[in-house]
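# Tertiary structure, described
Below, each chain spelled out in residue letters.
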Amino acid sequence: MKHLYKLTPKGMKRGLRVKPAMTVLPLQVLGGYLAFICFALLFTSCIGKEKHFLTDETYRNQVHAQFEKRKTEAANRSKVLFSVFEDDKLNTERREALEFLYAYMPLCDLADYDSEFFLQQIDASFLARDYFSWGKDIPEIIFRHFVLVYRVNNEYLDTARIAFFNELKDRVKNLSMYDAALEVNHWCHEKVTYRGTDSRTSAPLALVRTSWGRCGEESTFTAAALRAVGIPARQCYTPRWVHTDDNHAWVEVWIDGEWHYLGACEPEPELDMAWFTGPAKRAMMVHTNVFGWYTGPEEKNLDMPLYAKINLLQNYAETRAVKVQVVDENNQPVEGATVQFKVYNYAELYPISVNTTGKDGRTSILSGMGDLMIWAHKNDSYGYKKSEPGDEMTIVRLDRKPGAVYEESFVMNVPAEQTVKAAPADKIAVNALRLAAEDSIRNAYMQTFVQEEQGRRLAEQNQLNPDEAGKYLSLSQGNWQEISNFIIKEKMNPRLLPFLATLSAKDLRDTPAEYLSDHLQGDKTLQIKDGTPENLIVPYILSPRIDAELIQPWRQYFQQQFGEEEMTAARNRVGHIIDYIKNNIRINDDENYYNCRITPRGVYELQIADRPSRNIFFVAGCRSFGIPARIEPATSKPQYFENGRWTDAIFEPEESANANLPKGRLIVQNTISNVVKPGYYSHYTLAYFKDGDFQTLDFENNPAVAEFPCSLDLDEGYYRLMTGGRANDGSVSVHTQYFTLKAGKSQTLSIRLPEPEGKLFVKGIVDMNTIVALENNTKSTLKELSKGKGLALCLLDPGKEPSKHILQDFPAVKQAFDEWGGGVLLMVPDDKINGFDASVFKGLPENAVWGIDKQRNLLQAVTGALQLTGFNDNFPLTIYLSRNGGILFSSAGYRIGTGEEVLVVIGKEN
């Protein structure tokens, strides 16, 4: 198969350091890239020099004034950013477009890229505008914010716009704008499919090389592809669902004057059609960030000098105005109080919007038809109250102070489920054939990845542990050649395999060998701080993985910039690094608004950073000088190891109150039914009080909470333990415990999962003598598959994300299903089977079997029993059947934790 990209994105900067974040391309694509540059240069040299990009003079003057402010702010990178304005070839249109980008871009882009990169983006957008017929009809405001802008969200940047234009231009140039948008999404599906991964958002070219990513990456990639062909696009995002745990991101496209939605890398026959149409009707918030000073018609949740956060919920769901007034203990309005509109998700209260009250103590947002917890605070006074549909005004009194010990319970209700109209059957059938063909294209490319057995052989050839080295080569997937080169180069280093173990799977998929060598080669000459235990050297000195940032080569650069004398001083007193940061790095948390971390080198050059990027810079500096350092995983505090313990780094006076606190011990016991083992972020969370709110501690996948009772050594302070149980309709019964943990003391709390109201009842009957066809060309009855206990039945569309979610959830509950011993049947309708490979789904229960639902006979039986007249392919459809065929549980569509919910029903039945 012809596939675009073979190697990994190569960093970010020209001139002073490495190239802009782009992929090294094969020769045929490089030829297209060079042709693009020539075409773009010819194009820009022919357009009128006095043509304005910003035609409104008032707007143009505002942009220029903001640009002048940013020039002053980014003076430390003036040469690589702004010297281009001295070039006579920079005509008026390009100049104004570049001023617009510089005026409003986030700090990470001012710090990590240069003028050549941004001019490439401008020229590419102008070329697309003039190449495609629809370009002339796009209004200036739409083009400015949703085509020109090179960034979609918090992805790391590359030259995808150029590569995508070259591959897509002939494919879509003769189509209507509507059909072109659909076709671009089919192209995206050829390249990328859904699979869950970590929170760092890969650059679009890196995602193509991997061929899969989470929904935030798919939507970033798809929006970038649409913009590459001049179609306005934006990523839409529900920060949290309320009817189920999780969130989702998708894409909106502007077509002939209207915005439409589509599922990224999940093509449908028409726009405004996707598996998430139903869930979106139950959303409480859908929003997107808009780069720059935006004057569009949408409601703004947030209007900042550099960007706006616009509320798109009315495009999807019934809405209500949530009005809030904050008063003090004397019922007087409180001006300047922070108000958070929170939903329950992942066992915590998560803010979907944050506002500030005016002089009358009031604020409001537009939200959905479910419950919100309104949390308000000013200084250390806080209060909270639930807002329900029908409430005219929610009054929150700031009458609480940290330290009170109490418990409370409440129910968070969610918007009701709604039916969704399905596409015509003939269009679905034609689209299904295209999807199968696209799957085969992508699968053929993925077959070029090194498989585990091949990785083992490569490892053996280089005298390395075949199990470990083979695993890393297999995980590197489309980046396997880079990881192979790195392993071969460093094979004599005894710390090679422990070093690779510190990297994430995504690091292995998108990091060049030379970047990794920058860090591991330092092992040969680096002087380690005295007293450092051996087991800390690899993970906390040599490893480049700090938080959730893109790995870059900063170690040797810092060593060269600071010199041996400075490094020795830092090893003798870590405060030397802290003092440098306090004196040289200015904090600005407002202007890095996409929350894409600035690289350590970018912080050093720009000398401005948001706090998370500052903390990463501190850790990188320490590790470059041989000092163990980390971002503490639960609290995100920057720490260094000294005198046998981890010490918090303090950069600002106000941080002292929460730094290096004495510890208390919290023992958490489990009182939940043995059928479901409580999981962190699934059933419960711990949060500590700071700055007027409770901040959730991040213990996800932490061994400390893997077994019960678990013991946690925590900073003394005020805490909240929250547990929740979700009912079939999505509502949640919540129980909270507020307590104070004292230094040197031990305290025991129990997880008590509230029972959602309602009892089990038989929703319908399925004949257990029904015969089904299994994947191995055998047949069985439902009764036989139930093993005399019961049957969990999932009817799936394995090509769509919701069905993949439930399959990926099974490993977490596999043990419980195995101990139960009943049956698990995974059925795929025969019209959804094309290109499906069941072997990719690992960790399924021992009794799980795959079957083919011919002519949807079983699906029709189940939907008939449940009286689901409007099912409309809302897969997955999951039911639990008792031994007698009674349906005791049912769930249709996108939902997280379904396996656990089935286990709860099994426990109640038994």
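The structure displayed is predicted, hence computed values, not measured ones.

Another point: the packing of aromatic side chains. Given two aromatic rings, one states the distance between the centres and the angle between the planes to describe the pair. Evaluated as defined, the whole model comprises 69 aromatic pairs. Geometrically, the ring pair formed by Trp275 and Phe276 is edge-to-face, given 5.6 Å between the ring centres and 90° between the ring planes. In this pair, the class of Trp275 matches that of Phe276, namely buried. Chaining the aromatic ring pairs together yields one cluster made of Phe67, Phe82, Phe85, Phe100, Tyr102, Tyr104, Tyr113, Phe117, Phe118, Tyr150 and Phe291. Against the face of Trp212 rests Arg195, its NZ or CZ located 4.4 Å from the ring centre. Residue placement shows Arg630 over the ring face of Trp646; its charged tip is 4.3 Å from the ring centre.

The peptide bond linking Phe708 to Pro709 adopts the cis configuration, its omega dihedral lying at -5°. Position of Pro709 relative to the elements: it lies in the loop between strand S24 (693-696) and strand S25 (710-715). Cis geometry marks the peptide bond from Phe875 to Pro876, where omega comes out at -5°. Within the fold, Pro876 resides in the loop between helix H27 (857-865) and strand S34 (877-881). With a phi close to 55°, Asn660 is a non-glycine residue in the positive phi region. Locating Asn660 in the fold gives a position in the loop between strand S21 (645-648) and strand S22 (663-670). Even without being glycine, Gln855 reaches a positive phi, approximately 55°. Note on placement: Gln855 falls in the loop between strand S33 (848-853) and H27.

In terms of nonpolar packing, the biggest core is built from 136 residues, with Tyr102, Phe164, Ile231, Val253, Phe291 and Phe618 touching the most fellow members. When residues no more than four places from it in sequence are discounted, the contact partners of Val253 are Ala181, Leu226, Ile231, Pro232, Ala233, Glu258, Trp259, His260, Leu262 and Leu271.

Every buried residue of helix H15 (residues 466-476) is listed here: Pro466, Ala469, Gly470, Tyr472, Leu473, Ser474 and Ser476. Next to the buried residues of H15 lie helix H14 (452-461), helix H16 (480-489), helix H17 (496-501) and helix H18 (505-510). One side-chain oxygen of the residue at the start of H15 lies 2.9 Å from the amide nitrogen of Asp467, identifying that residue as Asn465. At the exit of H15 stands Gln477, carrying a positive phi of roughly 50°.

Moving on, we come to H27. Of all the positions in H27, only Leu858, Leu859, Val862, Thr863 and Ala865 are classed as buried. The buried residues of H27 all sit within an arc of 160° when viewed along its axis, so they share a single face.

The subject of this paragraph is the pairing of strand S23 (residues 684-690). Within a regular strand, the side chains alternate between the two sheet faces. Within S23, 6 of the 7 residues are buried, leaving the element largely enclosed by the surrounding structure. For S23 and strand S26 (residues 717-726), the ladder comprises 5 bridges, and the chain directions are antiparallel. Its bridge partner lying in S26, Leu686 is registered against Leu721. The hairpin turn running from S23 into S24, its antiparallel successor, is 2 residues long, and Asp691 in that turn takes a positive phi close to 55°.

What counts as what
- Residues numbered from 1 in each chain as written.
- Predicted model: local features only at pLDDT ≥ 70, side-chain atom pairs only at ≥ 80, totals over all residues.
- Heavy atoms only, no water.
- Phe/Tyr/Trp six-rings, centres within 6.5 Å; stacked < 30°, edge-to-face > 60°.
- Buried < 20%, exposed > 50% of the residue type's maximum accessible area, 1.4 Å probe, protein only.
- Lys NZ or Arg CZ within 6 Å of the ring centre and 35° of its normal.
- Helix = DSSP H or I, 4+ residues; strand = E, 2+ residues; numbered from the N terminus.
- Core = buried A, V, L, I, M, F, W, Y, C linked by side-chain atoms within 4.5 Å.
- Contact = heavy atoms within 4.5 Å.
- Polar contact = N/O pair within 3.5 Å; in protein donor to acceptor, adjacent residues only side chain to side chain.
- Arc of directions from axis to C-beta.
- Pairing = 2+ DSSP bridges.

In short, geometric facts, not functional conclusions.
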